[in-house]
Amino acid sequence: MPCCLDTFPTMCGRFSLSTPADIIARFFNLVAVPKLKPRYNIAPTQDCPVVRFDAETKQCSLDMLHWGLIPSWAKDKAIGNRMINARSESVATKPSFRSAFRRRRCLIVADGFYEWKKLERRKQPYYIRLASAQPFALAGLWEHWEGEGGPPVDSCTIITTEPNELVAPIHNRMPVILRAQNYADWLDPAITDAENTQSLLQPYPPEEMVAFPVSTRVNSPANDVPECVTPAE
């Protein structure tokens, strides 16, 4: 399926994960080391790495989920193409997301993301990551969908919030990056208090992040190469 945002995404529409799998396993307390290949330009409608908590085994696992949330009640899975992001301000009440927000929260694993800055005649992509260069977790939601004429699909969406001082000059939204100490509460399906959970959805401290312009090759999801994250000359 072609990416719904093939050029110049207007939301959090691309991210990367090239951190070695053994480091990911340690960061997220995974029982097994996942099989991951380096990705430099993960795009909507593709599969992306998601950590979920199993309430029965009390363990976390990393699975590859379709990026673009498909509500369980949807008749057509194509609706997911329009649900790659959920706004933090309305995620607890919007029908498409409120059920997942209560009981199906997840961590979307990344080590950087892209935003596009509007210039006079073009848009300049920027790569944004932690100053430590460590992997991190984007706040996400997931759903299980079973439709007619096709296999079941587990899908996800990334929650966005207002930008911090670093991202604001580039874009008017940014993905929610969760603190490690909040992972357990975010993943726990037994915690259904929307007000307390929603309080975790804050802009990440700008002093702990870096941003720099990169090549426009990232505009196309067909380009999934290390050069996507290389600073522009």
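This structure is a prediction, so every number in the text was calculated from the model and none was measured.

**Focus on the packing of aromatic side chains**
- In this structure the tally under the stated criterion is six aromatic pairs.
- Both rings, one in Tyr114 and one in Trp116, keep their centres 6.2 Å apart while their planes meet at 45°; by these two values the pair is tilted. For the pair shown, Tyr114 and Trp116 are each scored as buried.
- Taken together, the ring pairs in this structure connect Tyr114, Trp116, Tyr127 and Phe212 into an aromatic cluster.
- When the ring centre of Trp142 is taken as reference, the NZ or CZ atom of Arg52 above it lies at 4.3 Å.
- The positively charged end of Arg105 is found above the aromatic ring belonging to Trp186, 5.6 Å away from the centroid.

**Considerations on the confidence of the model for the chain**
- Overall, the prediction assigns the chain a mean pLDDT of 92, with 95% of residues at 70 or greater.
- Long-range and interchain partners of residues 1-8, a stretch whose pLDDT sits below 50, account for 24 contacts in this model, where long-range means more than four residues apart.

**Focus on the pattern of salt bridges**
- What the rule picks out here adds up to eight salt bridges.
- Between Asp63 and Arg52 there is a salt bridge whose closest N-O contact spans 3.1 Å. Taken together, the residues span a long stretch of sequence, with Asp63 in strand E4 (residues 59-67) and Arg52 in strand E3 (residues 47-54) at a distance of eleven residues.
- Look at Arg52 and you get buried, because its relative accessible area is 13%.
- Among the ionic pairs, Glu89 bridges to Arg173, the shortest N-O distance being 2.9 Å. Here the residue Glu89 occupies a position in the loop between strand E5 (85-87) and helix H2 (98-103), and Arg173 occupies one in the loop between strand E10 (153-161) and strand E11 (174-175), the gap between them amounting to 84 residues.
- By relative accessible area, Glu89 is classed as partly exposed at 42%.

**Let's talk about the environment of Phe136**
- Mapping Phe136 onto the fold places it in strand E9 (residues 136-145).
- With 26 residues separating them in the primary sequence, Phe136 and Ala110 have C-alpha atoms 5.6 Å apart.
- In this structure Phe136 touches Phe28, Ile108, Val109, Ala110, Asp111, Gly112, Phe113, Arg129, Leu130, Ile177 and Tyr183, once residues within four positions along its chain are discounted.

**Let's talk about the pairing of strand E8 (residues 123-130)**
- Summarising burial for E8: six of the eight residues are buried, a large majority.
- Sheet analysis places strand E7 (residues 112-118) next to E8, joined by six bridges and oriented antiparallel. Paired with Tyr114 across the strands is Tyr127, a residue of E8.
- Hairpin connection between E7 and E8: a loop of four residues separates the two successive antiparallel strands.
- Relative to strand E13 (residues 209-213), E8 is paired through five bridges, and the arrangement is antiparallel. Following the sheet pairing, Tyr126 is matched in E13 by Pro213.

**Observations regarding the sheet that holds E8**
- Read across the sheet, five strands follow the order E2-E1-E7-E8-E13 without closing on themselves; strand pairing throughout is antiparallel. Among the strands making up the open sheet, the edge pair consists of strand E2 (39-42) and E13. For this sheet, the mean angle separating the axes of adjacent strands, direction not counted, is 25°.
- Taken together, the two bridges between strand E1 (residues 15-17) and E2 define a ladder with antiparallel strand orientation. Bridge pairing in E2 links Leu17 to Arg39.

**Quick notes on the pairing of E3**
- Judged from the eight bridges that link them, E3 and E4 form a sheet pairing that is antiparallel. Across the sheet, Pro49 pairs through a bridge with Met64, a residue of E4.
- Looking at chain direction, E3 and strand E6 (residues 105-110) are connected through two bridges and run antiparallel. Pairing of Val51 across the sheet is with Leu107, part of E6.

Scoring rules and cut-offs
Residues numbered from 1 in each chain as written. Predicted model: local features only at pLDDT ≥ 70, side-chain atom pairs only at ≥ 80, totals over all residues. Heavy atoms only, no water. Phe/Tyr/Trp six-rings, centres within 6.5 Å; stacked < 30°, edge-to-face > 60°. Buried < 20%, exposed > 50% of the residue type's maximum accessible area, 1.4 Å probe, protein only. Lys NZ or Arg CZ within 6 Å of the ring centre and 35° of its normal. pLDDT = per-residue confidence, 0-100. Contact = heavy atoms within 4.5 Å. Salt bridge = Lys/Arg side-chain N within 4 Å of Asp/Glu carboxyl O. Helix = DSSP H or I, 4+ residues; strand = E, 2+ residues; numbered from the N terminus. Pairing = 2+ DSSP bridges. Axes fitted to C-alpha atoms, helices over the stretch in contact; angles between N-to-C directions.

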